[in-house]
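# Structure assessment
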Amino acid sequence: MRPTILKGEKVSLGVILREDIPKIWEWKNDREVTRSLADPSDVSTLEEWEKWYENLASKKPTKRAFAILNEESKIVGIVIVSRIDFRNGTAEIGYFLGKEYWNRGYASEAVKLILEYCFRYMNLRKVFARTYENNVASIRVLEKNGFRLVGKLRKHMWTPEGYVDVLFYDIMREEWKASTGLSERQNG
């Protein structure tokens, strides 16, 4: 039985289990999935992902990772909260889905849930994300969840399509609350 952290209509956020690692490893070695991630040239071994899993507990002060689960509680991707800075109340999110789960609204709902986790349970004041200009789906997910474009590094990262701009998005706690209709009392 997998613990569920937050539940939405289409997806839930759950604890990543050791048995999920081979699937995550498979996705991270799929060129279609990784072409818009931090290093599209990266090829990883199963052993590296097993070590990543083992190290999650030691990284808890600065990183949290969750399985994105569909209606059947099957892992369809992961979402990570990293660069957690409790002193300044900020963190970065990143996410990806296996390509067989694209275009179903899963990423949008997973980001909605991780924002709830960040703002309600971690008491952060700002969440930010980076994406490449050619990752139209990710841009749509961020904007649908209330993120605003706040900057870019021009022709900063190499992808198989060439050098692309890195776009920076963020959302403040009060913006998130306003977009969800939560009052201060409900989300102190």
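The sections below set out a description of the structure shown in this document.

So, about the pairing of strand 7 (residues 148-159). Across eight bridges, strand 7 lies against strand 8 (residues 162-172) in antiparallel orientation. In the sheet register, Thr-159 faces strand 8, and the bridge partner there is Gly-162. Here strand 7 folds back onto strand 8, and the loop between the two strands holds two residues.

Taken together, eight strands build an open sheet; the order of strands is 1-2-3-4-5-6-8-7 and the sheet is mixed. Of all strands in the sheet, those bounded by a partner on one side alone are strand 1 (4-7) and strand 7. The average angle at which neighbouring strand axes cross in this sheet is 25°, direction not considered. Pairing geometry for strand 3 (residues 64-69) and strand 4 (residues 75-85), over six bridges, is antiparallel. Within strand 4, the position partnered with Arg-64 by the bridge is Val-81. Relative to strand 4, helix 1 (residues 21-28) is tilted by about 85°, and along the sheet it contacts strand 4 and strand 5 (90-97).

Before going further, it helps to spend a moment on the environment of Val-166. Turning to its location among the elements, Val-166 is positioned in strand 8. Sequence-distant contacts of Val-166, defined by excluding residues within four places in its chain, comprise Arg-130, Thr-131, Tyr-132, Gly-151, Lys-152, Leu-153, His-156 and Met-157.

Looking now at the nonpolar core. Formed by 53 residues in total, the largest nonpolar core has its most connected members in Ile-16, Ile-24, Trp-52, Val-81, Ile-93, Ile-114 and Phe-147. Top element by residues in this core is helix 4 (residues 106-121). It accounts for ten residues.

Moving on: the pattern of salt bridges. On inspection of all chains with the given rule, the structure shows 14 salt bridges. Put simply, Asp-170 and Lys-126 hold a salt bridge, and the shortest N to O gap is 3.8 Å. Linking Asp-170 in strand 8 with Lys-126 in strand 6 (residues 126-132), this pair joins segments that are 44 residues apart in sequence. Overall, the relative accessible area of 22% leaves Lys-126 in the partly exposed class.

Packing of helix 1 against helix 3 (residues 46-55) brings their axes to within 9 Å, and their N-to-C directions diverge by 125°. By the criterion of interaxial angle, the relationship of helix 1 to helix 3 is oblique. Crossing geometry of helix 1 relative to helix 3 is assigned as right-handed. Here Ile-21, Pro-22, Ile-24, Trp-25 and Lys-28 of helix 1 come into contact with helix 3, specifically with Leu-46, Trp-49, Glu-50, Trp-52 and Tyr-53. Partitioned by chemical class, the residues of the contact of helix 1 with helix 3 number eight nonpolar, no polar and two charged.

In this section: the packing of aromatic side chains. For the coordinates displayed, the defined rule picks out eight aromatic pairs. Relative to Tyr-163, the ring of Trp-158 lies with its centre 5.1 Å away and its plane at 70°, an arrangement referred to as edge-to-face. Neither Trp-158 nor Tyr-163 differs from the other in exposure class; each is exposed. Members of the aromatic cluster, each reached through a chain of ring pairs, are Trp-27, Phe-96, Tyr-101 and Tyr-106.

What follows deals with the side chain of Ser-12. Along the chain, Ser-12 falls in strand 2 (residues 12-14). Taking the relative accessible area as the measure of exposure, Ser-12 reaches 7% and is therefore buried. Aside from chain neighbours lying at most four places away, what touches Ser-12 is Thr-4, Leu-6, Lys-7, Ala-67, Ile-68, Leu-69 and Leu-113.

Rules used throughout
Residues numbered from 1 in each chain as written. Predicted model: local features only at pLDDT ≥ 70, side-chain atom pairs only at ≥ 80, totals over all residues. Heavy atoms only, no water. Pairing = 2+ DSSP bridges. Helix = DSSP H or I, 4+ residues; strand = E, 2+ residues; numbered from the N terminus. Axes fitted to C-alpha atoms, helices over the stretch in contact; angles between N-to-C directions. Contact = heavy atoms within 4.5 Å. Core = buried A, V, L, I, M, F, W, Y, C linked by side-chain atoms within 4.5 Å. Buried < 20%, exposed > 50% of the residue type's maximum accessible area, 1.4 Å probe, protein only. Salt bridge = Lys/Arg side-chain N within 4 Å of Asp/Glu carboxyl O. Parallel < 35°, antiparallel > 145°, perpendicular 65-115°, else oblique. Left-handed = near helix turned anticlockwise from the far one by under 90°. Nonpolar A, V, L, I, M, F, W, Y, C, P; charged D, E, K, R; others polar. Phe/Tyr/Trp six-rings, centres within 6.5 Å; stacked < 30°, edge-to-face > 60°.

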